[in-house]
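# Topology and contacts: notes
Now for the letters of each chain:
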Amino acid sequence: MNAYIFPGQGAQFVGMGLDLYEKYPVAKDMFHAANEILGFEITETMFHGTAEGLKETKITQPAIFLHSVILSKVMGNIFKPDMVAGHSLGEFSALVANGTLTFEDGLQLVSKRALAMQRACEIQPSTMAAVLGLDDATVEKICTETPGIVVAANYNCPGQLVISGEVEAVNRACEKLKEAGARRALVLPVGGAFHSPLMEPAREELASAIEETNFAAPGCPIYQNVTTTAVNDADEIKKNLISQLTAPVKWTQSVQQMIADGATIFTEIGPGKVLQGLVKKIDASAETLSPELD
């Protein structure tokens with residue numbers, strides 16, 4: 001079975017999507033439509049901007065979404081997913097690709113999500129840190145025992161977690177994690193504590209926008225970050241999408257469940273190959289691909 005997977009923030013690079021824009025009329029039309037919907041020339045930053053400019057959350061999230069969704073459209077009839085999943089932001093790309101959301105609604109929600117997250121980041125100094133070489137239970141225990149707000153936020157693959165929370169709490173947890181044997185506990189250059197309780201203001205803001213948006217029955221199941229299981233019900237998809245901002249991204253568990261449900265080939269749709277690397281670390285026998293275009 002074919003699983004299509006969609007990356008999240010961090011996969012961006014300057015020049016992303018330019019090849020699609022120049023080669024495929026449908027891509028050019030969609031990029032122009034995106035500029036209209038967003039009210040600014042995101043294509044200028046994507047194609048010719050700076051890495052610094054592209055790193056702004058309000059640019060990064062719609063940029064990665066656009067690259068992924070437009071790539072899936074360009075693939076035409078060869079895009080035939082039996083199941084989809086997205087890492088954090090990538091869940092929105094997956095929901096457009098499987099027909100749950102329209103392109104326009106998906107882009108507007110992603111833009112609102114990015115702005116809401118940016119505002120939440122400005123309320124309180126917060127950050128995230130990558131933890132390598134420790135088991136999940138040890139990381140969770142140390143987060144629980146550390147004063148302040150710090151939680152396990154991204155379960156990327158066995159031995160690779162990201163923690164998220166208040167700056168001081170994350171720094172304290174990193175010291176304890178290194179003492180417990182972590183190979184690395186490295187604070188990341190991000191704007192705030194994504195997938196933690198500190199995103200509650202953003203969750204509330206995005207909830208009303210999601211509730212007001214029409215979600216169709218999906219063309220194939222989506223394995224959502226919050227539940228890790230196959231979801232086919234539009235109302236349940238909405239509920240999980242709202243919870244996602246303050247809940248952990250259970251990527252390891254989602255991929256494991258997809259494999260248990262019959263996935264044999266994972267094709268990454270979007271910039272880079274980060275998710276392909278994670279899938280291989282979760283299950284070395286899984287086949288991973290990038291899309292082949294004419």
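All values reported here derive from a predicted model rather than from experimental measurement.

Enumeration according to the criterion identifies five aromatic pairs in this entry. Aromatic pair Y21 and F31: ring centres 6.1 Å apart, planes at 55 degrees, arrangement tilted. Taken together, the positions of Y21 in helix α1 (residues 18-23) and F31 in helix α2 (residues 25-38) put the pair 10 residues apart, joining distant regions of the chain. Ring geometry for F31 versus F47: centroids 5.3 Å apart, planes at 80 degrees, classification edge-to-face. On the criterion of sequence distance, the pair formed by F31 in helix α2 and F47 in helix α3 (residues 42-48) is long-range, its members being 16 residues apart.

Moving on, we get to the UniProt feature "domain: Malonyl-CoA:ACP transacylase (MAT)" (unreviewed entry) in the chain. Under the present numbering, the feature "domain: Malonyl-CoA:ACP transacylase (MAT)" (unreviewed entry) in UniProt falls on residues 5-293. Secondary structure content for residues 5-293 is 49% helix and 15% strand, while the C-alpha to C-alpha distance between its ends is 17 Å.

A few words now on helix α8 (residues 136-145). Among the residues making up α8, those that are buried are V139, I142 and C143. Down the axis of α8, the smallest arc covering the buried residues is 100 degrees, so these residues share one side. Summarising the geometry of α8, the exposed residues directed more than 90 degrees from the buried face are K141 and T144. Of the surrounding secondary structure, the elements contacted by the buried residues of α8 are β3 (126-132), β4 (150-157), β5 (160-166) and α9 (167-179). If you check the start of α8, you find a side-chain oxygen 3.3 Å away from the backbone N of A137, and it comes from D135.

The next thing to look at is the packing of α2 against helix α5 (residues 57-74). Relative orientation of the contacting elements α2 and α5 amounts to 150 degrees, with a least axis distance of 10 Å. It follows that α2 is roughly antiparallel to α5 by the angle criterion. Crossing angle aside, the handedness with which α2 passes α5 is right-handed. Contacts between α2 and α5 pair V26, A27, M30, F31, A34 and L38 from the former with P62, L66, V69, I70, K73 and V74 from the latter. By residue class, the composition of the contact of α2 with α5 is 11 nonpolar, no polar and one charged.

Two faces make up the sheet, and in a regular strand the side chains alternate between them. Counting buried residues in β3 gives seven out of seven residues, a clear majority hidden from the surface. Of the two faces of β3, the one holding S126, M128, A130 and L132 and the one holding T127, A129 and V131 are both buried throughout. In this sheet, β5 lies alongside β3 in antiparallel orientation, the contact comprising seven bridges. Bridge pairing links A129 to I163 in β5. The pairing of β3 with strand β6 (residues 184-187) spans four bridges and is classified as antiparallel.

Each value, and the rule that gives it
- Numbering of residues begins from 1 in every chain and follows the order in which that chain's sequence is written.
- The model is predicted, so local features are restricted to residues of pLDDT at least 70 and side-chain atom pairs to those at 80 or more, both for listing and for counting; the totals for chains, interfaces and linings are taken over all residues.
- Computation of side-chain values covers all heavy atoms of the structure but excludes hydrogens and water.
- Pairing of aromatic rings covers Phe, Tyr and Trp, the last counted by its six-membered ring, and requires centre-to-centre distances within 6.5 Å; plane angles under 30 degrees mean stacked, over 60 mean edge-to-face, and any other angle means tilted.
- Each helix is a run of H or I in the DSSP string that is no shorter than four residues. Each strand is a run of E no shorter than two, and both are numbered from the N terminus.
- UniProt positions are given in the numbering used here, feature names are shortened, and annotations may be inferred rather than shown by experiment.
- Note on exposure labels: buried denotes an accessible area under 20% of the residue type's maximum, exposed denotes more than 50%, and partly exposed covers the range between, all computed with a 1.4 Å probe on protein chains only.
- In this description, the arc belongs to the directions extending from the helix axis to the C-beta atoms.
- Every residue pair with non-hydrogen atoms within 4.5 Å of one another is taken to be in contact.
- Any pair of nitrogen or oxygen atoms within 3.5 Å is treated as a polar contact; in protein, a donor-acceptor pairing is required on top of that, and neighbouring residues in sequence qualify only through side-chain atoms on both sides.
- Only the stretch in contact is used when a helix axis is fitted, and all axes are lines through C-alpha atoms; the angle between N-to-C directions ranges over 0 to 180 degrees.
- Any angle that is under 35 degrees is reported as roughly parallel, and any over 145 degrees as roughly antiparallel; angles of 65 to 115 degrees are reported as roughly perpendicular and all others as oblique.
- Crossing handedness follows the turn of the near helix against the far one: under a right angle anticlockwise gives a left-handed crossing, and clockwise gives a right-handed one.
- Under the scheme applied, nonpolar residues are Ala, Val, Leu, Ile, Met, Phe, Trp, Tyr, Cys and Pro; charged residues are Asp, Glu, Lys and Arg; polar residues are all the others, including Gly.
- Strand pairing requires that DSSP identify at least two bridges connecting the strands.

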